[in-house]
Structure formats: C-alpha cells, structure tokens
Amino acid sequence: MKYLLTTLPLIMLAGCAASEIELPQGSAALGDPAKPVPAAMETLVTTDPEVDADDPALWADPRDPTRAVLFGTDKTDGLYVHDMDGTVRQFLPDGPLNNVDLRTGFVVDGKEYVLVAATEREQFGIVTYLFDPDTFETRPYGFIATGAEFGEPYGFCTARIDGNFYLIPNNKEGDILVYRLENGAASAAATLERSLKVGSQPEGCVVDDKAARLYVGEENVAIWRFDLTASASNDPVMVAPVDGNRLTADVEGLTIMRDRGTDYLVASSQGDATYPVWRIEGDSYHYAGRFAVEGGAIDAVTGTDGLDAWSGPIGQFPEGAIAMHDTDDGDGQQNYKVVDWRKVREALSLR
C-alpha cells in the first residue's frame, strides 16, 4: 500500500479513506518526536528503473558475519538478493512476491541451507527457496498452495520452533494461516496446523521463536500477539494500538531485535515513516521511543513498508542492523535502506 507523501502539516482530504490522508514524514511526524537516524547503506538495481519493492530479509553467516546478504521482494517481478554494499547478487523472476522471510538450519540431503520463502500474489501461495551459505546461491525449492478460497496471500513471516519450520501468510480479510514444514521436507508436504484471525487487513508479522509468539500488525488498528504453543487459545492479545502518537496507520513491517540481553519489538508506521520500538519484558511491552531514517549522505526513508532486523554482527555492522523499505529513492525507484543498530540505540538512549 502506498501513501501520498509530504512534509507539510496534516491535510485531511474530505470524504477520503485513511490511506489518502497526507501526513508529515520522519522527524516531522506528528505525535511523539521521532529521532533521526541516518541510513548507512541502500540497495541499487540498475536493470529495472521501476522496482516495486516491499519487504526485506537479512542474513549473516555465523562462521563469518561479514559474509551477508539482503533479500528483497519486487512485488511485480520477483526476488532480489543483494550483497551488503547494495548491489544485486542474484534475481529470481518468480512473479509478484509481496513479503519475504527466512530461517536457518533447514537440512536437505544432509546439507544445511537457509530456507527463504515469500508470498506469491497471483498463484495464491508461498514460493520457497534454498540459499546455500557456502556458495551464496539461491535456488527455487517448491510451492505451498494456500488456495483460491484464501485469496491473495499478503503479509508473511516464518518461524523455527522445536525443530519444525513454520510459514505464516495472511490475507487482506484478516485471515492468518500457520503451516508446519518438517525439517528437510518438500514444500508440498507442508501441513496447515492452525488458522487465526484479526478483524481487518493485516500485513507485517514476526515470530519470536524463543517464546513461540506471533506478532501481527492489523494495519489500521493495532499490533496483536498470538501464542503458538499447541494448547494455546487462538484469541489475540493487544500489544499496542494505532493511536497516531506512537504508532500511525498503516502498521506495516514488524521485527524483533535482540541486543545485549534485551529483546525489542520494532514496527514500521507507513503513514508517517517512523519506527516505534518497544522493550519486551515477559507479557509486558515498554515503549522506548521511535526513530526516523534521515540525515547523512543517503536520502531519507518515506512511505516505509516492510522491515527486518538482524541481531548481532552482519556485514559492516558489528552489533546488528535493521533494513527497511523506502518508497522513493529520489529518482522514483523504490529500494531498501539499512541502518546501523548502534545509531538507533544511541538515538533512543536504549540501555
């Protein structure tokens, strides 16, 4: 979903939907002040001037974290794999892919791969890939059909819990499917384990594997939490409402950053291009402030969509990084920006 972008005062267009309201962006956003944090890297596609970017996913080799990549969807054309200088390593032209996520340690024929997956919007399903951490090559693995009755799969996230892999798409009606894929199994063998629901359109989601909890952003309402343990209720618990002060519609990407023994939930507010952060403490969520991506030599992020965090060293970032979608790189092309987590920590005075 795209927004009309401006840094002027709020303009209410009479009779228009919320997505047609122009909001100040970044550090100029209304509500709780967003602290500016500069981007340190951005992606560049030279072969397509109209990249329709949406959602990123980061990965670093635990054996040598300087070996790292960024996966990014083009929701018209396919999946890009970027090196950490922003250049394109590989492109997989698999059609309109919306959200992407990954989990490590997926074993096929005795070899460990990174399982990468993305929602496909025309064939109604999930495209899966295997990324080889030795060769840095990504190859197609299979397809999980979500079915015409589910409609267009929209948001998406993955999990790895108790040795099983989970692939979790949602649609614009608020339906959420939880597929279980056993380690090493073919994609077609994925089984539907649970169906969940929020009241209106969601998109961004993230799973805390350690706590077996799914977080979902209902775009105009709230961030919700679901318990993924076998005996848990399917009822969601509200984490944070869309209040126009800390969290602004549309809620888009969600991610979790683990930093020095503390877990943080980070969201992207598309309406004003800000990123609110909450400290996770058991069942409680303590708001820690929000930031905007601007300043420095790289252009500011506006109309942001998906985002992803990598906890720990990755590429040129020794203490973690966050990647986020930018709807306008200054020449009309959409791309992804990457922020050094240390800059966020400093800006928000995180302990």
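Coordinates for the structure precede this section.
Residues numbered from 1 in each chain as written. Predicted model: local features only at pLDDT ≥ 70, side-chain atom pairs only at ≥ 80, totals over all residues. Heavy atoms only, no water.

### Some points on the layout of surface pockets
Rules: Using only the protein atoms, space was sampled on a 1 Å grid; points where a 1.4 Å probe fits but cannot get out form cavities, open sets with protein on both sides within 12 Å along at least five of seven lines form pockets, and lining residues are those with an atom within 4 Å of a point. Grid points are joined across faces, edges and corners, and a volume is the space filled by probe spheres set on the points. Comment: elements are numbered from the N terminus, with helices defined as DSSP H or I runs of at least four residues and strands as E runs of at least two. In this count, Pro and Cys sit with the nonpolar residues alongside Ala, Val, Leu, Ile, Met, Phe, Trp and Tyr, while Asp, Glu, Lys and Arg are called charged and the others, Gly among them, polar.
The computed volume of the largest pocket comes to approximately 590 Å³. Only β5 (53-61), β9 (97-108), β13 (156-161), β17 (202-208), β21 (251-259) and β25 (307-310) provide two or more residues apiece to the lining of the largest pocket. Residue composition of the lining of the largest pocket, by class: 14 nonpolar, seven polar and 12 charged.

### A few points about the sheet that holds strand β16 (residues 191-197)
The line we're drawing: When DSSP finds two or more bridges between a pair of strands, those strands are recorded as paired. A fitted line through C-alpha atoms represents every axis, and for helices the fit uses only the stretch in contact; the resulting angles, taken between N-to-C directions, go from 0 to 180 degrees.
Strand order in the open sheet made by the four strands is β13-β14-β15-β16, with antiparallel pairing throughout. With partners counted over all chains shown, the strands left at the sheet margins are β13 and β16, one partner each. Neighbour-to-neighbour, the strand axes of the sheet open up by a mean angle of 20 degrees, direction not taken into account. Judged from the six bridges that link them, strand β15 (residues 175-182) and β16 form a sheet pairing that is antiparallel. Among the inter-strand pairings, R180 is bridged to a residue of β16, identified as T191.

### Overview of the environment of A189
Our working rule: Relative accessibility decides the category of a residue: with a 1.4 Å probe and only protein chains considered, values under 20% of the type maximum give buried, values over 50% give exposed, and everything between is partly exposed.
Among the structural elements, A189 can be located in the loop between β15 and β16. When its relative accessible area of 45% is taken as the criterion, A189 is described as partly exposed.

### Let's talk about the state of the cysteines
Short version of the rule: The rule for a disulfide is simple: a pair of cysteine sulfur atoms within 2.5 Å.
Summed over all chains, the structure comprises one disulfide. Two residues, C157 and C205, share a disulfide whose sulfurs are 2.3 Å apart. Every disulfide takes its handedness from the sign of the S-S torsion; for C157 and C205 that torsion is -120 degrees, giving left-handed. In this pair, C157 is assigned in strand β13 and C205 in strand β17, connecting sequence segments 48 residues apart. The class for C157 is buried, based on a relative accessible area of 0%.

### A short note on empty space enclosed by the protein
Summed over all chains, the structure comprises two cavities of 30 Å³ or more. For the largest cavity, the calculated volume is near 60 Å³. For the largest cavity, the lining is made up of 13 residues, of which T43, V45, V51, H82 and Q334 are closest to its centre. Contributing elements (two or more residues each) for the lining of the largest cavity: β6 (64-74), β7 (78-83) and β27 (335-340). Partitioning the lining of the largest cavity into residue classes produces six nonpolar, seven polar and no charged.

### Notes on the packing of aromatic side chains
To keep it simple, the criterion reads: Any two of the Phe, Tyr and Trp rings considered here, Trp counted by its six-membered ring, make a pair once their centres fall within 6.5 Å; the pair's planes then place it as stacked at under 30 degrees, edge-to-face at over 60, or tilted in between. Only Lys NZ and Arg CZ are tested; either one counts as a charge over a ring when it is within 6 Å of the ring centre and within 35 degrees of the ring normal.
Enumeration according to the criterion identifies 11 aromatic pairs in this entry. Aromatic pair W59 and F136: ring centres 5.7 Å apart, planes at 75 degrees, arrangement edge-to-face. Taken as a pair, W59 in strand β5 and F136 in the loop between β11 (125-131) and β12 (138-145) lie far apart in primary sequence, 77 residues in all. For the pair shown, W59 and F136 are each scored as buried. Relative to Y285, the ring of Y215 has its centre 5.9 Å away and its plane inclined at 85 degrees; by these criteria the two rings are edge-to-face. Pair noted here: Y215 is in strand β18 (residues 213-218) and Y285 is in strand β24 (residues 284-293), with a separation of 70 residues, a long-range link. Each member of the pair, Y215 as well as Y285, is classed as buried. Among the aromatic residues, ring-to-ring pairing joins W59, F71, F131 and F136 into one connected group. Positioned above the aromatic ring of Y113 is the side chain of K111, whose terminal nitrogen or guanidinium carbon lies 5.6 Å from the ring centre.

### Observations regarding the nonpolar core
Cut-off, in case you're wondering: Among buried residues, those of type Ala, Val, Leu, Ile, Met, Phe, Trp, Tyr and Cys that are joined through side-chain atoms within 4.5 Å constitute a nonpolar core.
Counting residues in each nonpolar core, the largest one holds 34 residues, and the members touching the most others are W59, F71, L79, M84, V116, F131 and I314. Those elements that provide at least two residues to this core are β5, β6, β7, β9, β10 (111-120), β11, β26 (321-326) and β27. If you tally residues by element for this core, the top one is β5, at five residues. If you look at the next biggest cluster of nonpolar residues, it comprises 22 residues, including M257, Y264, F291 and A309.

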